[in-house]
Amino acid sequence: MIMLAGQEASIELVQRWLQRRGSDDTDTGSSSGSPGARAGRRSSLALTPEDEPLVDVANRSPPPANIPNAMLYSPPEPLELLCVFPERASRVCAAACAAVARAGGEARSVRSARDTLEALRRDSDTKQPHVIVVDARQPQTLDAFLLARAVRGTKNTQHIILIAVVKKSVYLKDDFAVLPYLDAGYNRIMVETLSATAWCAEVLQSRAAASAARAQIAAVAALAAAADRCRDLIAVTDEQQKILLANKSWSKVLGWRVEEGPKQLSDTAGGEALRLATSGARDWEAPITLRRRTTPDPVLVPCRGAAIGLTKSTSHVVFVCEPIHALETERGRGSLHSIRRGSLDVRSVASDGLRRTSLAKLQGLPLEAPITKVISLLSTATEGAPPSTVAYIERAVDMLRTSELYSPQMRDDPKMRVEDPIATDLIGALLSQGPTNTLSSRRSSNDSTVVRSQTNRSNIKHKTTGQLRELLDTALSWDFEIFKLEELTRGRPLAHLGLALMAGRFDICSALECDERTLLHWLTIVETNYHAVNTYHNSTHAADVLQAVAYFLEKDRLKTVLEPLEAAAALLAAAAHDVDHPGTSSAFLCNARHPLAVLYNDVSVLESHHAALTFKLTLNDDRVNIFKNLERDTYKQVRHNVIDMILATEMTKHFEHLAKFVNVFYAKSSGSKEDNMHTDQEPLALDTTALSLPENVVLVKRMMIKCADVSNASRPQKFAFEWARRIAEEYFLQTDEEKAKDLPVVMPMFDRATCSIPRSQIGFIDYIIMDMMEAWAGFIDMPELVNHARQNHARWHELDDAGVTTLADVRRAQRHLALPAPTTTNPPTTGTTTTTTTEE
Ligand SMILES: Nc1ncnc2c1ncn2[C@@H]1O[C@@H]2COP(=O)(O)O[C@H]2[C@H]1O
């Protein structure tokens, strides 16, 4: 017994090694399609770390999904052998059965193919064999090939090891004599022998392989069953995007019968899904479009995906899509009308007595949220209304009932329906909250007082040369040469421009009751805390946003609406709104479990940090504290304004801020047609009467900084191009870092090898810029905002048509514009500066 256990262990070790070899063979492309080779590859999944030295794994990526070893091995069971020998008293059969008895197992024998299949079917009272030994020596009495095919054609026999017993002469006939047997479904060939030892070794090896295969197949079946019970839509494809498994939700929601199932991913998913699958990313989160069989319109659904491969190449791709539309479909199948009707009445929502009682109690309280009032008003409006009106109101109420009233959903824009995966990627990433970027690799967020400076700028002198002074004189024009300023100030545009605008033009020192020297110190410390290594989110971007805000503040509408302190707060917020930006997004921070993401609970991580750090830097040192002379209440008010504006730059709230602004300051012009819901085309008329309410002025300030923050797309073309190049480079670096650190790739399409910059810009302008700039341009009377955006859009289209895609292409296109050659490297990043070393 002891000997047997030792023997078993060493057999298993050798077998595992052989299996690893089998899986390595797949790396070199020499895999065999035989069942034996397949079993070998699967088994390699279960190797334990101690086994690793057996093979060279240095060049292989680890499997992305963790499969617990426990799922892949089942404890050894007593061996069950079935012998198929037509001859009644076969001595070979007797030797095999004797070996099984010695190994503590049980053997049965049958004489025909029919009995074999019967034995497999009678699994209720007979145990399924681990191993079937077939006498393949007498084709005239038993067609061993036919039998193997029949066994393999029977359900749940994949794990059974089939051994063909052949004559020595057959085996020695040629080198490839085994191939027809493997093709038929045999795992092993055994030359006829009466040696009990040889049979013992053979059946033990086979038993080990059979139980590993059985455990693995059972594990796959368990995972498939789990997938079937998920409400998420799940599909697994091979590397050719052939769908290997689609769960019930996928089939049901997309309108396929489970048994027929879509064959290729492209039958049911948009091009971006295919591109994600082949992007090389191991893990991603991005919306994809799915096509339902029953409706022509594709739907955009959030999807998480992963590429799985035991070797460097991908073998499977997993798509997990949110089940939003599954719910829709289910509702559609039930009594739609009654569900909707019911939804108007809060009491009918509760299905059990307890909830009904508590809801009734709630209704009795003098508490009511505005949204509840709106829903109940709309509900009342349906009474006696024509059916078409009722239908529209019910649709509206359904929308109002979602908790995410301002969550963006891509419009069903025919231009985008064709799907631009890059735009989908970009807009999806900008608008979604949650795991994003990290400061981790660059510096700790907690050591804000010792920072990487934008340039070596200890002992900075605020000296304006003639050229710089001339440039700063043009600081209030929309085509202000921001990159020239970056060059002339050697990467320190913010302090110079800040002083010129804040002190020179807006005299915020009077409003803040501070001196210019303190303001300069403040600007310097803020600028110092921007990262010059970032291609986009550096202090040039801050200066650009500051310049835009200053430009907007000069417009009559804002001059009359905003108090001097509010204007000062807006300029300060603009200057500091991205301070200490790590060059990666909030999602990256969350994914990387960075301390800032932990600190801010994955919510508004970067914006919270920018706002908090602004005040930390300011209050830390009297020499930079521009607020030190303010009355407590005034300080509170300025602080509130600055924080509110910085937080408003968070793109996940983009549509919320835009919608609120438009709802308050634009009214649909007359004549809304009762029976026509499609009023998108109706002109919006500016209505500024709401400005009398302070809460509406807040919307203006938020909109102002938001527009300034992304105003690069509404600048003259040469600037817009350079900003587009810079943001793309920063996105690419994030993708590189995510891949290097094996983090989820937030924007897989932003891969420098494949991304089309013109398309990203077209999407950005279409989805983020146009509506917002139209609303803001109308409000402050600045049509050039929209005109530039349109011209840039048209130019990007031309470039896209001309095949421009990469950064290098864009650089070439830029050379035709009168822009100083883009910096190929970033401004110098050396010096480390403390917060207090600035000198005038
Ligand atoms: N031209 C552009 N193209 C694509 N994305 C942009 C562009 N300009 C700004 N953005 C994005 O819009 C975001 C606005 O907020 P942030 O400055 O945090 O980060 C910005 C970028 O992610």
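From a predicted model like this one, the values you see are computed outputs, not experimental measurements.

### As for the overall build of the protein chain
Thinking step 1. Along its length, the protein chain carries 37 helices and 14 strands.
Thinking step 2. Looking at the 840 residues of the protein chain, the share that counts as buried comes to 50%.
Thinking step 3. If you sum the accessible surface of the protein chain, you get close to 39,400 Å²; carbon and sulfur atoms cover 54% of it.

### Observations regarding a nonpolar patch on the surface
Thinking step 1. On the surface, a cluster of nonpolar side chains totalling about 200 Å² of accessible area is made up of I371, V374 and L405.
Thinking step 2. Relative to the assigned elements, L405 resides in the loop between α17 (387–401) and α18 (414–417).

### Things to note about the nonpolar core
Thinking step 1. Formed by 156 residues in total, the largest nonpolar core has its most connected members in F552 and W776.
Thinking step 2. Broken down by element, this core gets its largest block of residues, 15 residues, from helix α35 (residues 757–780).
Thinking step 3. The residues touching W776, leaving out its near neighbours within four places in the chain, are F552, L558, F661, V700, M703, M704, C707 and L785.
Thinking step 4. V133, I161, V203 and A210 belong to the second largest nonpolar core, which has 23 residues in total.

### A word on the UniProt feature "binding site: Zn(2+) 2" (unreviewed entry) in the protein chain
Thinking step 1. The UniProt entry lists D578 under the feature "binding site: Zn(2+) 2" (unreviewed entry), expressed in the numbering used here.
Thinking step 2. Along the chain, D578 turns up in the loop between α27 (564–576) and α28 (586–591).
Thinking step 3. Beyond its immediate sequence surroundings of up to four residues, D578 is in contact with Y530, H537, H541, H610 and D709.

### Quick look at α27
Thinking step 1. For α27, spanning 13 residues, the distance from its first C-alpha to its last is 18 Å, which sits close to the expected 18 Å at 1.5 Å a residue.
Thinking step 2. For α27, the buried fraction is high: 12 of the 13 residues fall into the buried class.
Thinking step 3. Of the positions making up α27, those classed as buried are L565, E566, A567, A568, A569, A570, L571, L572, A573, A574, A575 and A576.

### With respect to the pairing of strand β7 (residues 243–246)
Thinking step 1. Alignment of strand β6 (residues 233–238) against β7, held across three bridges, turns out to be antiparallel. Across the sheet, residue V236 finds its bridge partner in β7, namely L245.
Thinking step 2. Between β6 and the antiparallel strand that follows it, β7, lie four residues; Q241 among them carries a positive phi value of about 60°.

### Remarks on unusual backbone geometry
Thinking step 1. Unusually for a residue other than glycine, Q241 sits at a positive phi of about 60°.
Thinking step 2. By relative accessible area, Q241 is classed as buried at 14%.

### Digging into the site of the ligand
Thinking step 1. Around the ligand sit 15 residues, and of these L430, H537, N712, Y731 and Q761 come closest.
Thinking step 2. Between the ligand and H537 there is a distance of 2.8 Å, counted from an oxygen atom to a side-chain nitrogen or oxygen.
Thinking step 3. At a separation of 2.7 Å, an oxygen atom of the ligand approaches a polar side-chain atom of Y731.
Thinking step 4. Alone, the ligand offers 450 Å² of accessible surface; in the complex the protein occludes 95% of this.
Thinking step 5. The set of elements that each furnish at least two residues to the shell around the ligand consists of α19 (421–431), α34 (717–740) and α35.
Thinking step 6. Residues of the shell around the ligand, tallied by class, amount to eight nonpolar, five polar and two charged.

### Looking at the packing of aromatic side chains
Thinking step 1. Across all of its chains, the model carries 19 aromatic pairs by this definition.
Thinking step 2. Ring geometry for F661 against W776: centres 6.0 Å apart, planes inclined by 55°, an arrangement best described as tilted. On the criterion of sequence distance, the pair formed by F661 in helix α32 (residues 654–665) and W776 in helix α35 is long-range, its members being 115 residues apart.
Thinking step 3. Judged by its relative accessible area of 0%, F661 falls in the buried class.
Thinking step 4. A residue is classified by how much of its surface remains accessible, and W776, at 0% relative accessible area, is buried.
Thinking step 5. Between W776 and F779, the ring centres sit 5.7 Å apart and the planes meet at 20°, which makes this aromatic pair stacked. One end of the pair, W776, and the other, F779, are both in helix α35, three residues apart, so they sit about a helical turn from each other.
Thinking step 6. A residue is classified by how much of its surface remains accessible, and F779, at 1% relative accessible area, is buried.
Thinking step 7. Every member of this aromatic cluster is reached through a ring pair, and the members are W478, Y551, F552, F661, F665, W776 and F779.
Thinking step 8. Its end group placed over the ring of F779, R557 keeps NZ or CZ at 5.4 Å from the ring centre.

### Points about the side chain of T116
Thinking step 1. Among the secondary structure elements, T116 is positioned in helix α5 (residues 113–121).
Thinking step 2. The contacts of T116, once residues within four sequence positions are left out, are L82, V84, V110, L147 and V151.

### What about the sheet that holds β7?
Thinking step 1. Strand order in the open sheet formed by five strands is β7-β6-β10-β9-β8, and the pairing between neighbours is antiparallel. The sheet is open, and its two borders are formed by β7 and β8 (283–290), each paired with just one other strand. The mean inter-strand angle of the sheet, taken between neighbouring strand axes irrespective of direction, is 25°.
Thinking step 2. Note: β6 against strand β10 (residues 316–321), six bridges, orientation antiparallel. In the sheet register, D238 faces β10, and the bridge partner there is H316.

### Structural notes on the pattern of salt bridges
Thinking step 1. Going through the model one piece at a time under the given rule, you end up with 23 salt bridges.
Thinking step 2. Between R137 and E192 there is a salt bridge whose closest N-O contact spans 2.8 Å. Of the two residues, R137 is situated in the loop between β3 (131–135) and α6 (144–153) and E192 in the loop between β5 (188–191) and α9 (196–228); the sequence distance between them amounts to 55 residues.
Thinking step 3. With its nearest N and O atoms 2.8 Å apart, the salt bridge here joins K741 to E737.
Thinking step 4. Taking relative accessible area as the criterion, K741 reaches 38% and is therefore assigned partly exposed.

### A look at the UniProt feature "binding site: AMP" (unreviewed entry) in the protein chain
Thinking step 1. In the numbering used here, UniProt assigns the "binding site: AMP" (unreviewed entry) feature to H537, N538, S539, T540, H541, D578, D709 and Q761.
Thinking step 2. Checked against the element boundaries, T540 lands in helix α25 (residues 539–553).
Thinking step 3. A polar contact is formed between the side chain of T540 and the side chain of E486, at a distance of 2.6 Å.
Thinking step 4. Tracing the sequence through the fold places D709 in helix α33 (residues 694–709).
Thinking step 5. Since its relative accessible area comes to 10%, D709 is described here as buried.

### Examining the pairing of β8
Thinking step 1. Burial analysis of β8 places six of its eight residues in the buried class, the great majority of the element.
Thinking step 2. By the bridge criterion, eight bridges tie β8 to strand β9 (residues 299–308) in an arrangement that is antiparallel. By the bridge assignment, I288 is partnered in β9 with V301.

### Here we look at α25
Thinking step 1. Taking 1.5 Å of rise per residue, 15 residues should cover 21 Å, and α25 covers 21 Å from first to last C-alpha, within 8% of that figure.
Thinking step 2. In terms of burial, α25 is largely enclosed, as 15 of its 15 residues are buried.
Thinking step 3. The residue sitting at the N-terminus of α25 and contributing the capping side-chain oxygen is N538; that oxygen lies 3.0 Å from the backbone nitrogen of T540.

Scoring rules and cut-offs
Residues numbered from 1 in each chain as written. Predicted model: local features only at pLDDT ≥ 70, side-chain atom pairs only at ≥ 80, totals over all residues. Heavy atoms only, no water. Helix = DSSP H or I, 4+ residues; strand = E, 2+ residues; numbered from the N terminus. Buried < 20%, exposed > 50% of the residue type's maximum accessible area, 1.4 Å probe, protein only. Areas by Shrake-Rupley, 256 points an atom, 1.4 Å probe, with all protein chains shown as cover. Patch = residues over 30% accessible without salt bridge, like charges linked within 9 Å, V, L, I, M, F, W, Y side chains within 5 Å. Salt bridge = Lys/Arg side-chain N within 4 Å of Asp/Glu carboxyl O. Core = buried A, V, L, I, M, F, W, Y, C linked by side-chain atoms within 4.5 Å. Contact = heavy atoms within 4.5 Å. UniProt positions renumbered as here; feature names shortened; annotations may be inferred. Expected span 1.5 Å × (residues − 1). Pairing = 2+ DSSP bridges. Near = heavy atom within 4 Å. Polar contact = N/O pair within 3.5 Å; in protein donor to acceptor, adjacent residues only side chain to side chain. Nonpolar A, V, L, I, M, F, W, Y, C, P; charged D, E, K, R; others polar. Phe/Tyr/Trp six-rings, centres within 6.5 Å; stacked < 30°, edge-to-face > 60°. Lys NZ or Arg CZ within 6 Å of the ring centre and 35° of its normal. Axes fitted to C-alpha atoms, helices over the stretch in contact; angles between N-to-C directions.

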